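These are the residues of each chain, in order.
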Amino acid sequence: MSGHAYVGRFAPSPSGPLHAGSLVAALASYLDARVHAGRWLLRIEDIDETRTVPGAADDIVATLAALDMHSDGPVLVQSQRKARYQLARERLGALAYPCGCSRKEIADSRVGTASDGAALYPGTCRHGLAPGKTPRTLRLRVPDAGQPGERVQFTDRWLGPQVQHLASEVGDFVLQRADGFWAYQLAVVVDDAEQGVTDIVRGADLLDSTARQIYLQGLLGYATPRYLHVPLLMNASGEKFSKQNGAQALDLGQPLQALQQAAAFLGLDTGAARDREGFWTLALTGWGARFGPGASA
């Protein structure tokens, strides 16, 4: 880490209450901030307003507070920051271009599959919209294969060295969706930079997004944070534990048990704790030994 003071964050989507899977990511990010004597910020990622459940944001904040996790600053809300994303888009200039392709057209092009499983964009609108097409999305041009910046490398603090080729594994990606909402990739990069985030601790389902975000950071002149991606909690069917898969809200009647289960999933032994104070002492000691200043992990 650079000489800058540590700033971490937890950034849930308000599509439902906090559940066991999201608690794992919240706990990891909180512990990492605390063992580095840093700040821990909370951000509500509601840029996709179609998925927002009324009251969910307040419920998430209250749940975290009940578990002794409090933001060290004002809670940032993405849906209130659209003007900031527009300014970032303008700074990207001609690298951002309108695309008139539908998802079906992209899938039918059969040029390949991106690393996240989606159809790889064939670059149809890179040089202008085809006759008769109207803009649907806004895409960001990535470097051609072998060009500077096309190969993105970083070291994940949990998973080790990572590399992604943007041209062959991602393709030109969406900055603004067909429904008008700004895409996650742009919003998260702008928010992390403007909040001064130095360290991002989040679930491994977002590992694939990291190269795109590092590329955007470079284009916008932002510093690149350190990254740590924790394993995902899976349900009995082998699917990511999520609201979409029916994950239930945390049982706040047993807060210590919820915290201990999340800690155990992260490989931390807090079973001897008899109260939350004891839990935090054990959890911070365990995390610090693995990921704190001077740790070898």
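Definitions and limits used
Residues numbered from 1 in each chain as written. Predicted model: local features only at pLDDT ≥ 70, side-chain atom pairs only at ≥ 80, totals over all residues. Heavy atoms only, no water. Axes fitted to C-alpha atoms, helices over the stretch in contact; angles between N-to-C directions. Helix = DSSP H or I, 4+ residues; strand = E, 2+ residues; numbered from the N terminus. Parallel < 35°, antiparallel > 145°, perpendicular 65-115°, else oblique. Left-handed = near helix turned anticlockwise from the far one by under 90°. Contact = heavy atoms within 4.5 Å. Nonpolar A, V, L, I, M, F, W, Y, C, P; charged D, E, K, R; others polar. Salt bridge = Lys/Arg side-chain N within 4 Å of Asp/Glu carboxyl O. Buried < 20%, exposed > 50% of the residue type's maximum accessible area, 1.4 Å probe, protein only.

### A look at the packing of helix H8 (residues 255-265) against helix H9 (residues 276-291)
(1) Moving on: One way to put it is that H8 packs onto H9 with a least axis distance of 10 Å and a crossing angle of 15°. Overall, the two elements H8 and H9 adopt an arrangement that is roughly parallel. Here H8 runs over H9; the crossing is left-handed. Counted together, Pro255, Leu256, Leu259, Gln260 and Ala263 of H8 and Arg276, Phe279 and Trp280 of H9 form the full contact between these two elements.
(2) Moving on: Each residue belonging to the contact of H8 with H9 can be placed in one class, and the counts come to six nonpolar, one polar and one charged.

### Notes on the pattern of salt bridges
Side chains bearing opposite charge may pair, as long as their charged atoms lie close to each other.
(1) Moving on: Scanning the model with the defined rule gives 20 salt bridges in all.
(2) Moving on: Between arginine 177 and aspartate 48 there is a salt bridge; the shortest N-O distance is 3.1 Å. Of this pair, arginine 177 sits in the loop between strand E8 (173-176) and helix H6 (184-194) while aspartate 48 sits in the loop between strand E2 (39-44) and helix H2 (56-66), placing them 129 residues apart in sequence.
(3) Moving on: Residue class for arginine 177 comes out partly exposed when judged on its relative accessible area of 27%.
(4) Moving on: Between lysine 82 and glutamate 49 there is a salt bridge, with the nearest N and O atoms lying 2.6 Å from each other. Taken together, the residues span a long stretch of sequence, with lysine 82 in helix H3 (residues 82-92) and glutamate 49 in the loop between E2 and H2 at a distance of 33 residues.
(5) Moving on: Given a relative accessible area of 36%, lysine 82 falls into the partly exposed group.

### Comments concerning the side chain of aspartate 208
(1) Moving on: Among the secondary structure elements, aspartate 208 is positioned in the loop between strand E9 (199-203) and helix H7 (210-220).
(2) Moving on: Judged by its relative accessible area of 18%, aspartate 208 is buried.
(3) Moving on: Here aspartate 208 is in contact with Ser115, Asp116 and Gln164, once residues within four sequence places are set aside.

The quantities given are spatial measurements derived from coordinates; they are silent on function.
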